[in-house]
Amino acid sequence: MGRYILMRLAGVVGVLIAVSFITFMLMKAIPSGPFDMMGVQANKAIPDQLKRQLEAKYGLDQPVFMQYLLFVRNAVKLDFGYSFYYQGQTIAQIFQNQWPYSIQLGLLTMGFSILIGMGLGILAAMKQGTFFDYLGTAISLFCLAMPSFVLALLLQIVFAIKLGWVPTGGWDSPKQWILPVLANSLGPVLVLQRYTRASMVDVMRSNYVRTAKAKGLTEQRVTFIHIFKNALTPIVTVGGPMLAGLITGSFFVESIFRIPGIGQFWVTAIQNRDYPLIMATTLAWTAIISITYLITDLVYAVIDPRVTYVKEK
Amino acid sequence: MDELLLEINNLQTEFKLNQGTVHAVNGVSFKLNKGEVLGIVGESGCGKSVTALSVMRLIEAPGRIKAGEMLFHGEKGVTDLLKLSPTDMEQVRGNQMSMIFQDPMTSLNPVLTIGYQIMEPLKIHRKMAEEQAQATAVKLLERVGIPEAALRLKDYPHQFSGGMRQRVMVAMAVACSPRLLIADEPTTALDVTIQAQIIDLINELKDEFGTAVIIITHDLGVVAEIANQVSVMYAGYVVENGPVQQIFEAPRHPYTKALMGSIPRLHSWPERLTTIEGAPPSLTDRIVGCPFQPRCQFRIERCASENPGLMPIATGHTCACWVAGHE
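Residues numbered from 1 in each chain as written. Chains lettered and ligands numbered in written order. Predicted model: local features only at pLDDT ≥ 70, side-chain atom pairs only at ≥ 80, totals over all residues.

Can you walk me through the overall build of chain A in this structure?
What chain A contains, in helices and strands, is 14 helices and zero strands. Counting helices and strands in the order they occur from the N terminus, chain A gives α-α-α-α-α-α-α-α-α-α-α-α-α-α. For chain A, the residues scored as buried account for 32% of the 313 residues in total. Across chain A, every contact between residues at least 6 apart in sequence was considered, and the portion connecting residues at least 24 apart equals 72%. (Helix = DSSP H or I, 4+ residues; strand = E, 2+ residues; numbered from the N terminus. Buried ≥ 20, exposed ≤ 12 C-beta atoms within 10 Å, placed from the backbone. Contact = placed C-beta atoms within 7 Å.)

This is how it looks when you write it as structure tokens:
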């Protein structure tokens, strides 16, 4: 098992190198650089001489390949340098200051979605064709049709402004967590509800479920021990990458609820041509999703004894 | 005097589908004494398995038991299984009656250990503690011929061969010493040598535990070997019922006769085996008259309009045929 994990981690390093190279070259290939964008935002052109000075300062006057090697040398030490856009802040500082908020929002959203999404999925599967089944379908269709930024605004209007139960934004007290988590969990609830229901229904038709019933087990025991454990594999398959997406923040939800998370940086880094931040966010995402897939694969082996990553002797 | 264990009267099970209602079991009746073996035979789709699942009350929607009476002589006197609440039925299933299924490859839960699955009924019905259940499970596995039973408790079904899995199924079924064991084609998915071993095992355990057995099969050889009584089913009806000797040596119903004619025999090797012209009727149609009548070479006028129903023709031998009954 240890050997398998090491092999997989070595693979992740390979992926990181490939992704960093491709991203770096693509980034350089888009027209206009970071200082042009500053000029655009300040509504005046930056003088050529000043631009060249700036480029020399940040090493952008060197050949692209040299720039890449320089980047790799520093990135190995997790040093991505200073942001071009957020003056005076290092990339490490930005991640340190902002990311914990996104992680917290993501984990809360995941927990809530598991509870609601899987709960509704199990209920719908057990009570097929009844009110509970249609309720689950209705809720997941709502989640599918409703964009999170629209729901976020609606929630603000109803619960924060009209009823005044919770603040409109911020992230200081648990009360402020409620609305963002609700708005953020639309997608996860939808996916988990549908997958859980489908997977449970699939397993319910198995011969071994009939065997379990023939043993005189209660319905609860059959559902939660004999069906659920078998139904988990497809749920884990979608759940792993879902978690990766959630802990990297949400652009809309974080902006609307004024949560100082990292979600917006993924988007704005490109607009701002903030080279160091683009590289950092891309590689962070690559690492997170790769590790998530590794963990997902390891979880399969825990759920299903037929899955093994060790050569049997 | 033989003691009665199970009495099925006029059992009817149907499946309501969009294409119409499938009348899978149309008024099946039979009796089973304690410790005896009843073989239910018939071709695929004749309602054998549905009958078995009905007795266990494991028919799932869109299927339902429409009518009938299933009198079970249990520990606490006679109960009609059809009148039990689902919770009360759970007390009977796996405890007083249990079932072995056709496909051992898929009938065990792949993510639970063999030990867990065998211990489950012991803990639930016999209220055994962990260690006691474990010791009993080891004994059961040893009894059904699993080597190194204690070690194998922690193994998962995929680590066992098909024959071994069926042994585990048998061990699980007899765990609580049930009064009735239903074996639904227990050997169909196994190869011949393993088939014989499983049948022998069921035969031995039946005597050991004093369990009555309903064995469902289309393998007449299995029936000849193990059964005392035979019910022959056709299109959801029982067409002939009797002691195994009589059914094999002097079958009365034309369908049973044809069925016997289709067995290859060692000493009198006919040129060709008997086949039955035509195909069984569609179970979505309402059958008027005798269900076998369109394919029967002995049919008379009355067969098309009136279902004969089971008529006694000898002691313990009944047959649903206008012609056979009046020979």
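Now that the structure is up, let's keep going.
For this particular structure, what's the right way to read the overall build of chain B?
Scanning chain B from N- to C-terminus turns up 11 helices and 12 strands. Relative to a compact globule of 327 residues, whose C-alpha radius of gyration would be 20 Å, chain B shows 20 Å and is just as compact. With the C-alpha coordinates of chain B rotated into their principal frame, the extents come out at 65 × 50 × 45 Å. When the 327 residues of chain B are sorted by exposure, 45% land in the buried category. A separation of at least 24 residues holds for 62% of the contacts in chain B among residues at least 6 apart in sequence. (Rg over C-alpha atoms; globule rule 2.2 N^0.38 Å.)

Just to check I follow, could you spell out the pairing of strand 10 (residues 237–243) of chain B for this structure?
Every regular strand shows the same layout, with side chains that alternate between the two sheet faces. Residues and elements named next belong to chain B. Strand 10 sits mainly inside the fold: six of its seven residues count as buried. Bridge analysis of strand 9 (residues 229–234) against strand 10 gives six bridges, and the strand direction is antiparallel. Of the residues in strand 10, the one forming a bridge with Val232 is Glu240. One ladder, built from two bridges, connects strand 10 with strand 12 (residues 317–319); its direction is antiparallel. (Pairing = 2+ DSSP bridges.)

Please clarify how the nonpolar core should be interpreted in this entry.
In summary, soluble globular proteins display a tendency toward joint burial of nonpolar side chains. Among the nonpolar cores identified, the biggest contains 132 residues, and B:Val170, B:Ala171, B:Ile182, B:Ile214, B:Val232, B:Tyr234 and B:Val239 are the most heavily contacted of them. Here this core takes 10 residues from helix 11 (residues 219–247) of chain A, the largest share from any one element. Leave out the neighbours within four places in its chain, and B:Tyr234 touches B:Gly42, B:Cys46, B:Val239, B:Tyr255, B:Pro291 and B:Phe292. (Core = buried A, V, L, I, M, F, W, Y, C linked by C-beta atoms within 7 Å.)

Any chance you could explain helix 4 (residues 64–76) of chain A here in plain terms?
Three- or four-residue spacings in an α-helix give side chains the same orientation, since the helix completes a turn every 3.6 residues. The end-to-end C-alpha distance of helix 4 of chain A is 18 Å, a good match for the 18 Å that 13 residues give at a rise of 1.5 Å each. Positive phi shows up at A:Leu78, right after helix 4 of chain A, with a value of about 60°. (Expected span 1.5 Å × (residues − 1).)

What is the right way to look at the interface of chain B and chain A in this model?
Interfaces are often sized by the accessible area lost when the parts come together. Facing the 24 residues of chain B at the interface are 19 residues of chain A. Contributing elements (two or more residues each) for the side of chain B that touches chain A: helix 2 (86–92), strand 6 (97–100) and helix 3 (114–125) of chain B. Top element by residues in the side of chain B that touches chain A is helix 3 of chain B. It accounts for four residues. Residue composition of the side of chain B that touches chain A, by class: 11 nonpolar, nine polar and four charged. (Nonpolar A, V, L, I, M, F, W, Y, C, P; charged D, E, K, R; others polar.)

What is the right way to look at the sheet that holds strand 8 (residues 212–217) of chain B in this model?
Within a sheet, neighbouring strands are paired by backbone hydrogen bonds and run either parallel or antiparallel to one another. All names here are of chain B. Across the sheet, which stays open at both edges, the eight strands sit in the order 6-7-8-3-9-10-12-11 with mixed pairing between neighbours. Each having just a single partner strand, strand 6 and strand 11 (311–314) make up the two edges of the open sheet. Strand-to-strand, the axes of this sheet are offset by a mean angle of 20°, without reference to chain direction. Where strand 3 (residues 37–41) meets strand 9, four bridges bridge the pair, whose relative direction is parallel. (Axes fitted to C-alpha atoms, helices over the stretch in contact; angles between N-to-C directions.)

Help me understand helix 11 of chain A, please; the structure alone is not making it clear to me.
With 29 residues, helix 11 of chain A extends just 36 Å between its outermost C-alpha atoms, more than 12% less than the 42 Å of an ideal straight helix rising 1.5 Å per residue. At A:Phe228, helix 11 of chain A is bent by approximately 50°, the largest bend along its length. (Bend = angle between axes of the 7 residues up to and from the residue.)

I tried to follow the sheet that holds strand 2 (residues 20–33) of chain B on my own but got confused; where do I start?
Residues and elements named next belong to chain B. The four strands are arranged 2-1-4-5 in an open sheet whose pairing can be described as antiparallel. The sheet is open, and its two edges are formed by strand 2 and strand 5 (77–80), each paired on a single side. When strand polarity is set aside, the average angle formed by the axes of neighbouring strands in this sheet is 5°. Bridge count for strand 1 (residues 4–17) against strand 2 is 11 bridges, and the pairing is antiparallel. Following the sheet pairing, Glu7 is matched in strand 2 by Lys31.

Help me out: how do you make sense of the confidence of the model for chain B in this one?
In regions of low pLDDT, the predicted coordinates are not meant to be interpreted in detail. Considering every residue of chain B, the mean pLDDT works out to 88; 98% of them sit at 70 or more. In the model output, the complex is listed with pTM 0.84 alongside ipTM 0.89. (pLDDT = per-residue confidence, 0-100.)

Which parts of the structure should I look at to understand the packing of helix 13 (residues 263–271) of chain A against helix 14 (residues 275–303) of chain A?
Residue and element names in this part refer to chain A. The N-to-C vectors of helix 13 and helix 14 enclose an angle of 140°; their axes lie 8 Å apart at closest approach. Comparing their axes, helix 14 and helix 13 come out oblique. Note that helix 13 runs across helix 14; the crossing there is left-handed. Where helix 13 approaches helix 14, its residues Phe265, Trp266, Ala269 and Ile270 are matched on the opposing element by Leu277, Ile278 and Thr281. Split into classes, the residues belonging to the contact of helix 13 with helix 14 amount to six nonpolar, one polar and no charged. (Parallel < 35°, antiparallel > 145°, perpendicular 65-115°, else oblique. Left-handed = near helix turned anticlockwise from the far one by under 90°.)

Help me out: how do you make sense of the environment of A:Phe265 in this one?
All names here are of chain A. Mapped onto the secondary structure, Phe265 falls in helix 13. The spatial distance from the C-alpha of Phe265 to the C-alpha of Phe251 is 8.1 Å, given a sequence separation of 14 residues. The contact partners of Phe265, leaving out residues within four places of it in the chain, are Ile94, Gln98, Leu277 and Thr281.

Would you mind going over the pairing of strand 7 (residues 180–184) of chain B with me for this structure?
Residues and elements named next belong to chain B. With five of five residues buried, strand 7 lies mostly within the body of the structure. Across the two faces of strand 7 the burial is the same, with Leu180, Ile182 and Asp184 and Leu181 and Ala183 all buried. Handedness of the crossover joining strand 7 and strand 8 through helix 7 (residues 192–209) is recorded here as right-handed. (Right-handed = clockwise from strand over helix to strand, strands pointing away.)

I keep staring at unusual backbone geometry and nothing clicks. Help me out?
Apart from glycine, the bulk of residues carry a negative phi angle, and the bulk of peptide bonds sit in the trans form. Residue and element names in this part refer to chain B. With an omega of 10°, the peptide bond running from Ala61 to Pro62 counts as cis. Mapped onto the elements of the fold, Pro62 is located in the loop between helix 1 (48–55) and strand 4 (63–74). Although it is not a glycine, Asn10 sits at a positive phi angle of roughly 50°. Position of Asn10 among the secondary structure elements: in strand 1. Positive phi, close to 55°, is recorded for Lys127, a residue that is not glycine.

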